[in-house]
Amino acid sequence: MILRGGYFFRRALRNMRQSPVLSLASVGTIAVALALLAFFAIAVLNVQQLTASWGESLVIVAYLDEVPEDEVVKGWINDIEQYPEVNKVDFVSREKAFERFRKRLGDDAGLVEGLGPEVLPASLEISLVEKSQNEIAMTAVVDRLRVDHRFTDLQYGQGWLEKLEAFLLLLRASGAALGGFLVFAALVIVANTIKLTLYARQDELEAMAMVGATSLFIKLPFLVEGALQGFFGGLAALGLSFMVFEIILQKSLGSLLLITGIDTIHFLPVVWQVMLIVGGGLIGLLGSLFALRKFVRFGAL
Amino acid sequence: MIQLYNVCKAFQRDQYALKDVTLSVEKGEFVYLTGPSGAGKSTLLKLLYCAERPTRGQILVNGRNITRYGVSRIPYLRRNIGIIFQDFKLLTRRTVYENVAFPLEVQGRKRFEISKKVYQTLKNVGLEHRLNHQPLQLSGGEQQRVAVARALVVDPLVLLADEPTGNLDPEVTLDIMELFKGANARGTTIIMATHDRSLIRQFPRRVVSLDSGSLAMDDMPLFGGPTEKTG
């Protein structure tokens, strides 16, 4: 059967050449469905990267009403850096805080003319390791710091973090739902296309059964045909999404996206690109399987 | 070669296409299956290549009880049976060569073997010059000859023909019958359904008649005589 793979492949290609409109319809449908999926995946991936970069800049700030001696501060920093969630602790003196504040004001720096650094508190900025940059880990660290009465005024943007995580969850769930719907739609279209092909070739299938072709011999070219249509659809989807990425996303929206903090938007990683093509092939194969299961028992023709 | 024992076939309750048919066909025989329309000729042939299953009774082909065959074994039965229809049932999208080659491809024969066999078979039916034509480019008689070639290319044990000359004019009919005679002379058992009495007169062989699904007559006319075409 393996050696005859070439025979079935050639028959599948011939079948496609003989029904070009149906084949194109199938390929086109899979291409559109997978391209939409690819666009969504690009959006989700880039938003995830953006939010991950935002997450890196999330810090817990422990404000200090009074600044102790350097040795004491170093001891505090050392203690906090022992937490498994903590990556680094920086001491921000009043002077440093005031300087940052002036820079942020930009042209309005004159507003703080006549004021000194004593108007702002010193603080410890606690940044977490990557895997702890989430609401649960941050809350745990904050709770532990609160138990330690040295730190009473702790800020970490908790409300914003909750919303960010909820947004990411919604994005992933929407992507999964949309993806599932698109894949199902593509499956149905491919199944119907293959069914139409089977009906159009009913006489051929009968003749095959007459001369002793087994069910597998009759069905295999259609399975290969479905897989090929899906494979070409996947390739087309990859090409289409890359074109849109290059022409629209990169060029037209590039400057707009800079504002959100994205300096480069990324196309799908290679693994995902391969999955797109392989996924197309699988959709085509499954669609053919569904169509063939409902078709006539060839042995009884 | 073929035995039917008390075979019945009902498509609906109390509506029998075949009733209690018991019949035996020896290897190398040529049998006409006759009867009016609706007598059950086509149904009997369909039972022999398992396109239908008998409601009751047993059918043996070459010693094997085909009524017990599962779906997966039927293709292997059909590889030893050549089947010819009134409407040819050729693959119109394929060439003459491809139509005749197909049964050998199904059996997994090698390309060189297929090529040689197909050419020889088409030469036997006088169509070796039409290899690359498509069926719809041929006349009715030529198409039926391609169908005969397709049936004979696998050297079948049995040839089943369901009204093979029904759509053909008398001259072409004679050509087709000569092909059948040749195959029969080489040892192929032939069962041919027909209601053409003139054909039976011209080529007298054993006649099995059906009437309303029952066996009405099983007669062996004398060979030779003025009704057979000679030369």
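Residues numbered from 1 in each chain as written. Chains lettered and ligands numbered in written order. Predicted model: local features only at pLDDT ≥ 70, side-chain atom pairs only at ≥ 80, totals over all residues. Heavy atoms only, no water.

The next subject is the overall build of chain A. Helices and strands together make up the secondary structure of chain A, namely 10 helices and four strands. Each helix and strand of chain A, placed in order from N terminus to C terminus, yields the pattern α-α-β-α-β-α-β-α-β-α-α-α-α-α. A total of 301 residues make up chain A; the buried ones form 42% of that total. Considering only intrachain contacts with a sequence separation of at least 6, the fraction spanning at least 24 residues in chain A is 84%. Put simply, chain A shows about 16300 Å² of open surface, and 65% of that area lies on carbon and sulfur atoms. (Helix = DSSP H or I, 4+ residues; strand = E, 2+ residues; numbered from the N terminus. Buried < 20%, exposed > 50% of the residue type's maximum accessible area, 1.4 Å probe, protein only. Contact = heavy atoms within 4.5 Å. Areas by Shrake-Rupley, 256 points an atom, 1.4 Å probe, with all protein chains shown as cover.)

Attention shifts here to the layout of surface pockets. All names here are of chain B. Within this model, the second largest pocket holds a volume of roughly 310 Å³. In this structure, the second largest pocket is lined by 17 residues; those nearest its centre are Asn124, Leu152, Asp155, Ala183 and Arg186. Considering only residue class, the lining of the second largest pocket consists of six nonpolar, six polar and five charged. (1 Å grid on protein atoms, 1.4 Å probe; cavity = no way out; pocket = protein on both sides within 12 Å on 5 of 7 lines; lining within 4 Å. Points joined across faces, edges and corners; volume = space filled by probe spheres on them. Nonpolar A, V, L, I, M, F, W, Y, C, P; charged D, E, K, R; others polar.)

Once that is clear, we can look at the sheet that holds strand S3 (residues 122-128) of chain A. All names here are of chain A. Taken in spatial order, the four strands line up as S2-S3-S1-S4 in an open sheet, and their pairing is antiparallel. Because the sheet does not close on itself, it has two edges, and the strands there are strand S2 (86-92) and strand S4 (153-155). Taken over all neighbouring pairs, the strand axes of this sheet differ in orientation by 20° on average, direction set aside. Where helix H3 (residues 70-81) meets the sheet, it contacts strand S1 (59-64), S2 and S3, and its direction lies at approximately 160° from that of S2. Packing against the sheet, helix H4 (residues 94-105) makes contact with S2 and S3, and its axis sits at approximately 90° to S2. (Pairing = 2+ DSSP bridges. Axes fitted to C-alpha atoms, helices over the stretch in contact; angles between N-to-C directions.)

This paragraph deals with the packing of helix H5 (residues 140-152) of chain B against helix H6 (residues 170-185) of chain B. Residues and elements named next belong to chain B. Between H5 and H6, the shortest axis-to-axis distance is 10 Å and the interhelical angle comes to 10°. Regarding the angle of H5 to H6, the classification is roughly parallel. Only Val172, Ile176, Leu179, Phe180 and Ala183 of H6 make contact with H5, whose side of the interface consists of Gly141, Gln144, Arg145, Val148 and Leu152. Taken together, the residues of the contact of H5 with H6 sort by class into seven nonpolar, two polar and one charged. (Parallel < 35°, antiparallel > 145°, perpendicular 65-115°, else oblique.)

Let us look at the sheet that holds strand S8 (residues 189-193) of chain B. Residue and element names in this part refer to chain B. Read across the sheet, six strands follow the order S6-S7-S8-S3-S9-S10 without closing on themselves; strand pairing throughout is mixed. The open sheet is flanked by strand S6 (81-85) and strand S10 (214-219), the only strands paired with a single partner. With direction set aside, neighbouring strand axes in the sheet form an average angle of 15°. As paired elements, strand S3 (residues 30-34) and strand S9 (residues 206-211) share four bridges and run parallel to each other. Bridge pairing links threonine 34 to serine 209 in S9.

A few words on unusual backbone geometry. Residue and element names in this part refer to chain B. One non-glycine residue, asparagine 6, lies in the positive phi region at around 50°. Residue placement: asparagine 6 occurs in strand S1 (residues 2-12). Positive phi, close to 60°, is recorded for cysteine 50, a residue that is not glycine. Tracing the chain through its elements places cysteine 50 in the loop between helix H1 (41-48) and strand S4 (56-61).

As a further point, take the side chain of glutamate 142 of chain B. Residues and elements named next belong to chain B. One can find glutamate 142 in helix H5. Look at glutamate 142 and you get buried, because its relative accessible area is 14%. Among the polar contacts listed, one links the side chain of glutamate 142 to the side chain of arginine 130, at a separation of 3.0 Å. Residues within four places of glutamate 142 in sequence aside, it is in contact with Leu127 and Arg130. (Polar contact = N/O pair within 3.5 Å; in protein donor to acceptor, adjacent residues only side chain to side chain.)

Two packed helices can be described by the angle between their axes and the distance between those axes. All names here are of chain B. Where helix H3 (residues 96-106) contacts H5, the two axes come as close as 7 Å, and the packing angle between them is 25°. Judged on the interaxial angle alone, H5 and H3 are roughly parallel. Crossing geometry of H3 relative to H5 is assigned as right-handed. Counting all contacts with H3, which are made through Val96, Asn99, Val100 and Pro103, the residues of H5 involved are Val146, Ala149 and Arg150. Among the residues making up the contact of H3 with H5, the classes are represented as five nonpolar, one polar and one charged. (Left-handed = near helix turned anticlockwise from the far one by under 90°.)

The subject of this paragraph is the confidence of the model for chain A. Residue and element names in this part refer to chain A. Looking at chain A as a whole, the pLDDT averages 81, with 88% of positions reaching at least 70. Put simply, helix H9 (residues 254-259) is where chain A has its lowest mean pLDDT, 61, and helix H10 (residues 270-293) is where it has its highest, 89. Contacts for the low-pLDDT stretch residues 297-301, under 50 throughout, to residues beyond four places or in other chains number 22 contacts. (pLDDT = per-residue confidence, 0-100.)

Turning to empty space enclosed by the protein, a few remarks are in order. Going through the model one piece at a time under the given rule, you end up with one cavity of 30 Å³ or more. A volume near 100 Å³ is recorded for the largest cavity. Along its surface, the largest cavity is lined by Met210 and Val211 of chain A together with Arg78, Arg79, Ile81, Gly82, Ile83, Pro103, Ala147, Arg150, Ala151 and Val154 of chain B. For the lining of the largest cavity, the elements supplying multiple residues, two or more each, are S6 and H5 of chain B.

Turning to the confidence of the model for chain B, a few remarks are in order. Residues and elements named next belong to chain B. A residue-level look at chain B finds 95% of positions with pLDDT of 70 or above and a mean pLDDT of 88. Looking at the elements of chain B, mean pLDDT is at its lowest for S10, recorded as 86, and at its highest for S8, recorded as 95. Note that residues 222-231 has pLDDT below 50 and, in this model, 16 contacts with residues that lie over four places away or in other chains.

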